[in-house]
Amino acid sequence: MSSDGSSNGSSNGSPTLTLDGKVVPFETGETLYEVARRHTSDVPTLCYDERLEAFGACRLCVVEIEGFRSPVASCTTHAAHGMNVQTKTEKLEKHRKTLMELVCSENPRGVEIDPMRGHASQEMTDLAQRYAVDGTRFEGAQSGQSHPDDPNPMILRDYDHCISCYRCVRVCAEQEGDYAISIANRGFQTQITTEFNGFLKGSECTFCGQCVQTCPTGALADNRALQHTREPGEVELTRSICPFCGVGCSVDIMSKGDKLVGVRPAMDGPANEGALCVKGQFGWEWVQHPERLKNPMVRKDGVLVEASWDEALDRAAEGFRRVRDTHGRHAIYGVASGRAPHESAFSVQKFIRAGFGTNQIDNCSRA
Amino acid sequence: MSNPLRDMEKPDAIFCIGTNMTEAHPVAAMRIKKALRRGAKLIVADPRKIPLAKKADVFLQLRVGTDVALLGAMAHVIVREGLVDENFIAKRTENFAALGEHLKEFTPEWAETITGVPAKDIEQAAIWYGEAANGAIFYTLGITEHICGVDNVQSLCNLVLLTGHIGREGTGINPMRGQNNVQGAGDCGALPNNYPGFQPVTDPANQAKFREAWGVEVDIEEGWTKVRALDECGKKIHAFLICGENTVVSDADRAHCEHALRSLDHMVVIDIFRTETADLADVILPATAWAETDGVFTNTERRPQRVRAAVPPPGVAKPDWWIIAQIAKRLGAPGFDYESPKEVFNELCELSPTYHGLDWDLVAEGRHHWPVPEKGHAGTPVLHIGEFPRGRGLFMTPSYRDPAETIDDDYPVWLTTGRRLAHYHTRTMTGRSVGTEYLVPEELVEVHPDDVADWGLEDGEFAVMSSRRGEVMVKVEATDKSPRGTVFCSFSFSEVPINALTGSGYDPITDTAELKVCPVRIERATTSV
Ligand code: SF4
Ligand code: SF4
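Residues numbered from 1 in each chain as written. Chains lettered and ligands numbered in written order. Predicted model: local features only at pLDDT ≥ 70, side-chain atom pairs only at ≥ 80, totals over all residues. Heavy atoms only, no water.

Turning next to the overall build of chain B. Each helix and strand in chain B was counted, giving 20 helices and 20 strands. Taken over C-alpha atoms, the radius of gyration comes to 24 Å for chain B, in line with the 24 Å a tight globule of 529 residues would show. Classification of the 529 residues of chain B by burial places 64% in the buried group. Within chain B, contacts between residues separated by at least 24 positions form 68% of all contacts whose residues are at least 6 apart in sequence. Total accessible area on chain B is roughly 18,100 Å²; 49% of this is exposed by carbon and sulfur atoms. Each charge class in chain B can be summarised by its mean position, and for the 54 positive and 76 negative side chains these summaries are 5 Å apart. (Helix = DSSP H or I, 4+ residues; strand = E, 2+ residues; numbered from the N terminus. Rg over C-alpha atoms; globule rule 2.2 N^0.38 Å. Buried < 20%, exposed > 50% of the residue type's maximum accessible area, 1.4 Å probe, protein only. Contact = heavy atoms within 4.5 Å. Areas by Shrake-Rupley, 256 points an atom, 1.4 Å probe, with all protein chains shown as cover. Lys, Arg positive; Asp, Glu negative; His and termini not counted. Charge placed at Lys NZ, Arg CZ, Asp CG, Glu CD.)

Right under this line is the structure:
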């Protein structure tokens, strides 16, 4: 070791450790996993979600520390000044491959997991590929039990894929704070259940979808997005903000070509930090609903009929002109939307103020 | 909000009043749950046993519309127990002596007779909020949608000024904005009294600024509120431009509202669906929706953030700013030659002192809380540090008043209205999405099980609910969420147009409708529907 081994920092203030032969700084309180992830992105894990308390269950993130007899889980071990850490020795990689073989034996083999199932749904298959594991080495019993009978149209409960990482249970408890799902039994009988082992509707579940988005295998899946599996094209993500309440959660809108196929929480959204509620997560299908207005309409002989933009805009302008000329400029009133973006509200108030020289303008906040 | 959302995890005492946060602002409520796990005390005041009440250390189940009595009594206890921050009062407030005098009669025992909340619970709540190193208040429309909405807010401000729980991390007075961009609509000047950036229209300097910026004559007087404008339809108001609002269903007193809009000479609606309101229009102009529009929303913590188009709009729908500019140009209004939302937003930034340091490119980072007075400014996450906008904080002395209508023999039940988790406003959106519709497919009026029995109603059966303005048919749900004598309904379902009943009165200062209190009669329906 290059120093006195205390964890209180080197002579220049910030503590350091040696990571795969390189000296790197860290902040007191950080785990080895956090330090390693900043510098090398490929320490594998399945039970880790940075928003949750470290759990140390999957053991994939093990690292070797000089002077320690056996490898330790990096997600539950705090960094200490002067540590000499190896993250990728041959022995570690072999150990990880064996672990992955065990984990994969619990799952249906050779199944592709549609990325639309959820934000983290590819973690398991990605690692299986990395370690060239197909789950045939151990003929394991499969833990978990499907609830394909749950009639809720939002969350698919496909527990054949469950690997008992408890991320869903932990996110529900630690983030959402609703304790809607819990763990029954242990080992291969392990089952993620709702309080009453019944359907999610009627339990404490608020359908926030956070369990779906943290599930590393797609066992819990976004069943609205999955309706669009057959839609051609790749899923594209567009960063935006939820259209419902004033919290302003950041979302990634999922689209395939011209088709809106889902919504996902942005893990780095400042207001929500990866969370959404049922409206933001599952309430987006209205956007491309067949009842959307597609053409302008004007009233003719008492009936609203479709019209061209030119005709409708002429009619709109003409009416305002007529009212201004007969009743004066104060007779025209504008109501801006609290739903539309700034450019809409700004335009409406400017239309009234610059167009008619009045302040006859309000928005919907009084109702 | 005076403080950012992340601060919600930091107070030692949290006081939520008139906010059904787990349903109306669920993701914000998560932060409160985190604070509770850290050991913070939670005080909840609401007429209904809302989900948050179950997590409360003390739950003040007050009769609808009695907030001023409750809050006055809490202030009384804080003064009586010596929990005031004397240093803060001396340095940053005025009118404390008058408040002390005013509060004398607001004893917890008196408040108990008005609010129905046990005096000892009021005392406990006041002591926890008063004692806390950091106390924070959160409220929504349960405070403002009353004839005394302004009094309610002033009563909350008094608690803040007495204790100095403001201008620091984990404190503050925090109204949670309901709609995604209702904060933004105000920021943009869609108000009868303010130009963009809350610049009063009656200030000659502001008039000169906008006269010059837009090259037009501007009015020197404030405009009317929408409530007043609706009252004047067919009299002094003859044309309406309504942008993305289902006025008929969302506003109080539906019959009055429909009648008003029908008496207009000209009505133009810009919307994404043919709503009940659009049906009354002379011209409907189809707008692009969320996920089809580039623009900016500002959330409840004063954070402007970019929204982006991901998919094309249906048919020939166009963005609002384009549509409005086309009409304006046809009327010869200057300054509507915009070619992109960026140009519109940048004009707003130029004219608004709160956005002056922002622009379209910068706002993409979404990291500023306004005010951002100049370029390079980091934004203002916490308001009122060291000073209030008017200098010193002013103690006000609001008195308790009954709601506009009170219960009597004809209308013996209190109706209060609100929102449900799975639905949003008039359901034009959530009613057209499979998941949200699955959770709450129909409206129910929530009635206490004992009242269900006493009033001859039946759980799951239809009842007729009527007020002085109208009546609706609605299915009954027996639940002890509602206290005895008070029932609850949301206004989300057009089939149950609850705002046919509401509209008993308006706050005299803000014209906000008293949607939270309405005496009704409720009887078993003789024929079912
Ligand atoms: S959807 Fe949300 S509330 Fe329901 S089980 Fe999942 S995390 Fe918990
Ligand atoms: S996801 Fe829910 S909490 Fe977040 S902004 Fe949307 S409606 Fe509000």
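Another aspect to go through is the site of ligand 1. Around ligand 1, the structure places 11 residues, and the nearest of them are C172, C205, C208, G209 and C211 of chain A. Taken together, the residues that form the shell around ligand 1 break down as eight nonpolar, two polar and one charged. (Near = heavy atom within 4 Å. Nonpolar A, V, L, I, M, F, W, Y, C, P; charged D, E, K, R; others polar.)

Now for the site of ligand 2. Around ligand 2, the neighbouring residues are C242, F244, C245, G248, C249, L276, C277, K279 and G280 of chain A together with P26 and V27 of chain B. Residues close to ligand 2 are split across chains A and B. Going through the elements one at a time, helix 6 (278-282) of chain A together with helix 2 (26-37) of chain B are the ones with two or more residues in the shell around ligand 2. For the shell around ligand 2, the per-class residue count stands at eight nonpolar, two polar and one charged.

The subject of this paragraph is the packing of helix 4 (residues 167-176) of chain A against helix 2 of chain B. Running from amino to carboxyl end, helix 4 of chain A crosses helix 2 of chain B at an angle of 85°, the nearest separation of the two axes being 8 Å. In terms of their interaxial angle, helix 4 of chain A and helix 2 of chain B are classed as roughly perpendicular. On helix 2 of chain B, the residues touching A173, E174, Q175 and E176 of chain A of helix 4 of chain A are M30, K33, K34 and R37 of chain B. Its residues assigned to classes, the contact of helix 4 of chain A with helix 2 of chain B comprises two nonpolar, one polar and five charged. (Axes fitted to C-alpha atoms, helices over the stretch in contact; angles between N-to-C directions. Parallel < 35°, antiparallel > 145°, perpendicular 65-115°, else oblique.)

Turning to helix 1 (residues 32-39) of chain A, a few remarks are in order. Residue and element names in this part refer to chain A. Among the residues of helix 1, L32, Y33, V35 and A36 are the ones counted as buried. Down the axis of helix 1, the buried side of the element spans an arc of 160°, and every buried residue falls inside it. Buried-residue contacts for helix 1 involve strand 1 (16-19), strand 2 (22-25), strand 3 (62-65) and strand 5 (84-86). (Arc of directions from axis to C-beta.)

The next subject is the pattern of salt bridges. Evaluated as defined, the whole model comprises 59 salt bridges over all chains. E50 of chain A is the partner of R37 of chain A in a salt bridge, and the nearest nitrogen-oxygen pair spans 3.4 Å. Of this pair, R37 of chain A sits in helix 1 while E50 of chain A sits in the loop between helix 1 and strand 3, and the two are 13 residues apart along the sequence. On the basis of relative accessibility, which here comes to 35%, the residue R37 of chain A falls in the partly exposed class. On the accessibility criterion, E50 of chain A (54% relative accessible area) is exposed. Salt-bridge contacts for R303 of chain B lead to E301 of chain B; the nearest nitrogen and oxygen are separated by 3.0 Å. By relative accessible area, which is 1% here, E301 of chain B ends up buried. Ionic contacts of the salt-bridge type, sharing partners, join the residues E23, R48, E446 and K481 of chain B into one network. (Salt bridge = Lys/Arg side-chain N within 4 Å of Asp/Glu carboxyl O.)

Turning our attention to the packing of aromatic side chains. A complete count under the given rule lists 19 aromatic pairs over all chains for this structure. Here F320 of chain A and F351 of chain A contribute two aromatic rings whose centre-to-centre distance is 5.6 Å and whose plane-to-plane angle is 70°, an arrangement assigned as edge-to-face. Here F320 of chain A, found in helix 7 (residues 309-327), pairs with F351 of chain A, found in helix 8 (residues 342-356); they are 31 residues apart in sequence, far enough to count as distant. Exposure remark for F320 of chain A: the relative accessible area of 0% places this residue in the buried category. Both rings, one in F210 of chain B and one in W214 of chain B, keep their centres 5.0 Å apart while their planes meet at 65°; by these two values the pair is edge-to-face. Residue F210 of chain B and its partner W214 of chain B are located together in helix 12 (residues 204-214), separated by four residues, close to a single helical turn. With a relative accessible area of 0%, F210 of chain B lands in the buried category. Feature note: the residues F346 of chain A together with Y195, F210 and W214 of chain B constitute an aromatic cluster, connected by ring pairs. Just above the ring of W322 of chain B sits the side chain of K318 of chain B; from NZ or CZ to the centre is 4.8 Å. (Phe/Tyr/Trp six-rings, centres within 6.5 Å; stacked < 30°, edge-to-face > 60°. Lys NZ or Arg CZ within 6 Å of the ring centre and 35° of its normal.)

Another point: the sheet that holds strand 2 (residues 41-45) of chain B. All names here are of chain B. Strand order in the open sheet formed by five strands is 3-2-1-5-6, with parallel pairing between adjacent strands. The open sheet has two edge strands, strand 3 (58-60) and strand 6 (172-175), and neither has a second partner. Here the average twist between neighbouring strands, direction ignored, is 15°. Bridge count for strand 5 (residues 135-139) against strand 6 is four bridges, and the pairing is parallel. Across the sheet, residue I137 finds its bridge partner in strand 6, namely I173. (Pairing = 2+ DSSP bridges.)

It is worth spelling out the domain arrangement of chain A at this point. All names here are of chain A. Segmenting chain A into domains produces domain 1 (16-88), domain 2 (107-227), domain 3 (231-292) and domain 4 (297-366). With 12 residues of domain 1 in contact, the opposing surface of domain 2 contributes 16 residues. Interface of domain 1 and domain 2: buried area, both sides summed, is about 1,200 Å²; carbon and sulfur atoms make up 57% of it. Looking at the side of domain 1 facing domain 2, the largest losses of area belong to L46, R51 and L52, adding up to 47% of the total buried there. In the side of domain 1 that touches domain 2, the residues fall into seven nonpolar, one polar and four charged. (Domains from an automatic or database assignment. Buried area = accessible area lost by both parts, 1.4 Å probe.)

Residues and elements named next belong to chain B. Per the domain assignment, the segments making up chain B are domain 1 (5-176), domain 2 (179-222 + 293-304 + 334-375) and domain 3 (413-524). Just the C-alpha atoms count here: the centres of domain 1 and domain 2 sit 32 Å apart. Counting each side, the surface lost to burial between domain 1 and domain 2 is near 310 Å², with a carbon and sulfur contribution of 44%. Across the contact surface, domain 1 and domain 2 share zero salt bridges. Summed over the shared surface of domain 1 and domain 2, the number is two residue pairs in polar contact (both at pLDDT 80 or more). Of the residues in the side of domain 1 that touches domain 2, the class split is three nonpolar, no polar and one charged. (Polar contact = N/O pair within 3.5 Å; in protein donor to acceptor, adjacent residues only side chain to side chain.)

Another aspect to go through is the nonpolar core. In terms of nonpolar packing, the biggest core is built from 111 residues, with F320 and F351 of chain A together with M21, F138, L285, W290 and I327 of chain B touching the most fellow members. When sequence neighbours within four positions are dropped, the list of residues in contact with F320 of chain A reads I332, F351 and F356 of chain A together with A239, F240, L241, H266, V268, I327 and L331 of chain B. (Core = buried A, V, L, I, M, F, W, Y, C linked by side-chain atoms within 4.5 Å.)

This paragraph deals with the environment of R168 of chain B. Residue and element names in this part refer to chain B. As for its position among the elements, R168 is in the loop between helix 10 (149-163) and strand 6. Remark: the alpha-carbon pair of R168 and K236, spanning 68 residues in sequence, is separated by 47 Å. Dropping the residues within four chain positions of it, R168 is found in contact with N3, D7, A133, N134 and V382.

Attention shifts here to the interface of chain A and chain B. In this complex, chain A contributes 117 residues to the contact, which on the side of chain B involves 146 residues. Summed over both sides, the interface between chain A and chain B buries roughly 11,000 Å², with carbon and sulfur atoms accounting for 63% of that surface. Between chain A and chain B we count eight salt bridges in total. Its salt-bridge partner being D314 of chain A, residue R330 of chain B comes within 2.6 Å of it at the nearest N-O pair. In terms of residue count, helix 7 of chain A provides more of the side of chain A that touches chain B than any other element does, 15 residues in total. In the side of chain A that touches chain B, the residues fall into 55 nonpolar, 34 polar and 28 charged. Two elements, strand 15 (residues 332-336) of chain A and strand 9 (residues 239-243) of chain B, share four bridges in a ladder whose sense is parallel. What sits directly across from I332 of chain A, in strand 9 of chain B, is A239 of chain B.

Residues and elements named next belong to chain A. Its place among the elements puts C172 in helix 4. Relative accessible area serves as the criterion here: at 9%, C172 is assigned to the buried category. Between the C-alpha atom of C172 and that of H161, which follows or precedes it by 11 residues, the distance is 19 Å.

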